[in-house]
Amino acid sequence: MKLISKRIGVAILPALLLTAGAIAMAAEMPAVVHKPSVEVRSAPDFKAGKIAVLQRNAAVKIVDQNGLWYRLQLADGGSGYVRINEVRVASAGAETPAANSQALFGGNSGQGRSTETASVRGINETTLRTARNDAAGLSKLQAYSVSAETAGAHARSKGWQPVRIAWGPDAAAARGSGGQATQAEKRATLSSARGLLSRLGGGAIADSAMRVADRAVGKSEQELAAEELELGPAIAGRVLGAAPLWANPEAQKRINLVGRWVASQTSRPQLPWTFGVIDDGEINAYAAPGGYILVTRGMYDLLDDDAELAAVIAHELGHVVQRDHYEVIRKQEIAKVGKDVAMAQVRPHGIAADFARDYVNTHGAAVMMSSLDRDAEYRADEAAGVYLARAGFDPLSFYAVLQKMAALGTRPARMSQLYRTHPPLEARMDRLDQRVRR
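Residues numbered from 1 in each chain as written. Predicted model: local features only at pLDDT ≥ 70, side-chain atom pairs only at ≥ 80, totals over all residues. Heavy atoms only, no water.

In the annotation of an unreviewed UniProt entry, the protein is listed under the name M48 family metalloprotease and assigned to Novilysobacter avium.

In structure tokens, the structure reads:
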């Protein structure tokens, strides 16, 4: 697999208004050896010579990042390289401009993109519940979407080679998208069966059995997909009402090319995948049902290269493929009207649109701030690694993003909502450690 080895060496400007030279680039960043023992190499390459061996919990200093390698300052004054998952960056503690600059070495992300002050609005549940629908913003967002063919051509120009990798949860989602009778078709069959039983003398027993069977009729894949496809733009429009699309055509084009390529490697490539960067300084990303993924400007500026952008997108793709937020909506529907009624509601395209409109009129886009269960988040993290590998990126790129976020401090203001809705970053990296091989 291709190793991303782009040189990174300038600290990211924090999302605060700073004059030139107001803050010096950090010389080092504290970290701790995370594995039982780590071999330090003379260059960022497994073939390079071993120059030292460090033991678990040894304190180290990171002085630079080279792709998926950290350069360490050694006790003898020299330096060497370890992989990014072999050490854990130390939290910067309370969030300050100095702590933010210290935490990150991936400085190319901030250059030439966002130089103005990024507001730390911290889109919250109340904001998303009450935000108006930004129809013009949604139209502009959709205009940036690209086809799978366009994204594939871009990937080939970048040298991203797809890899076939099987993954159980994704395969299950693919099986779920196969043919299945709709509720109307199932009920027609039940009606015929009821008539047959009545003619055979089934009477009241037959009627009782049919009522039970009728309540058990679930929605088909076609009906589920119809609801997703209506909910996606309805919710995305409300998110854009809370934070508009960032006025940066280059960033919008880039996120759609990268995002659509990675989405093509999932079990649901046929969704109308649409990606955008919203103008908000908080570090976060949102995945609406049906294939709408929005990344905040704060998150976008945190990321150094296409691999890290793909990593954030890949996590959100996992939520859409597995219908995580849609299931939250389904549970809300069941809680409101009862399981029997919710299961019995047939929603072809027109009625699905009514459902989506009614839902967002009541809840807005607040579902984007719903805390999913930890298994859903861990599964999305695992999906990120799988989708990255399939798309020709190194899965450790996702680990690199988590390291950057962890280094920003203990629950910094710019990550307050992400911390509220996700497991601790340390726990997420621990889970990845169980799966990721260097």
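So, next bit.
> Before we move on, could you go through the sheet that holds strand 11 (residues 292-296) and cite the residues and values that matter?
Strands pair in a sheet through their backbones, by hydrogen bonds, and they do so in one of two ways: parallel or antiparallel. Taking strand neighbours across the sheet as the criterion, the three strands line up as 9-11-10 in an open arrangement whose pairing is mixed. Each having just a single partner strand, strand 9 (274-278) and strand 10 (285-288) make up the two edges of the open sheet. Between one strand and the next, the sheet's axes are offset by a mean angle of 15°, whatever the strand orientation. Direction of pairing for strand 9 relative to strand 11: parallel, over a ladder of five bridges. Bridge pairing links valine 277 to valine 295 in strand 11. (Pairing = 2+ DSSP bridges. Helix = DSSP H or I, 4+ residues; strand = E, 2+ residues; numbered from the N terminus. Axes fitted to C-alpha atoms, helices over the stretch in contact; angles between N-to-C directions.)

> So what about the pattern of salt bridges? Which residues, and what values?
Tallied over the entire structure, the rule returns 17 salt bridges. Among the salt bridges present, the one from arginine 323 reaches glutamate 221, with a minimum N-O distance of 2.7 Å. You can see arginine 323 sitting in the loop between helix 11 (306-321) and helix 12 (324-337) and its partner glutamate 221 sitting in helix 8 (residues 221-242), a full 102 residues away along the chain. Each member of the pair, arginine 323 as well as glutamate 221, is classed as buried. A salt bridge links arginine 379 to aspartate 324, with the nearest nitrogen and oxygen atoms 2.9 Å apart. Taken together, the positions of arginine 379 in helix 15 (residues 374-390) and aspartate 324 in helix 12 put the pair 55 residues apart, joining distant regions of the chain. Of the residues examined, arginine 379 reaches a relative accessible area of 26% and is grouped as partly exposed. (Salt bridge = Lys/Arg side-chain N within 4 Å of Asp/Glu carboxyl O. Buried < 20%, exposed > 50% of the residue type's maximum accessible area, 1.4 Å probe, protein only.)

> Give a detailed account of the packing of aromatic side chains, specifying residues and quantitative values.
Tallied over the entire structure, the rule returns five aromatic pairs. Judged by centre distance (6.1 Å) and plane angle (85°), the rings of tryptophan 167 and tyrosine 387 are edge-to-face. Pair noted here: tryptophan 167 is in the loop between helix 4 (148-158) and helix 5 (168-176) and tyrosine 387 is in helix 15, with a separation of 220 residues, a long-range link. In this structure, tryptophan 167 and tyrosine 387 share a single accessibility class: buried. (Phe/Tyr/Trp six-rings, centres within 6.5 Å; stacked < 30°, edge-to-face > 60°.)

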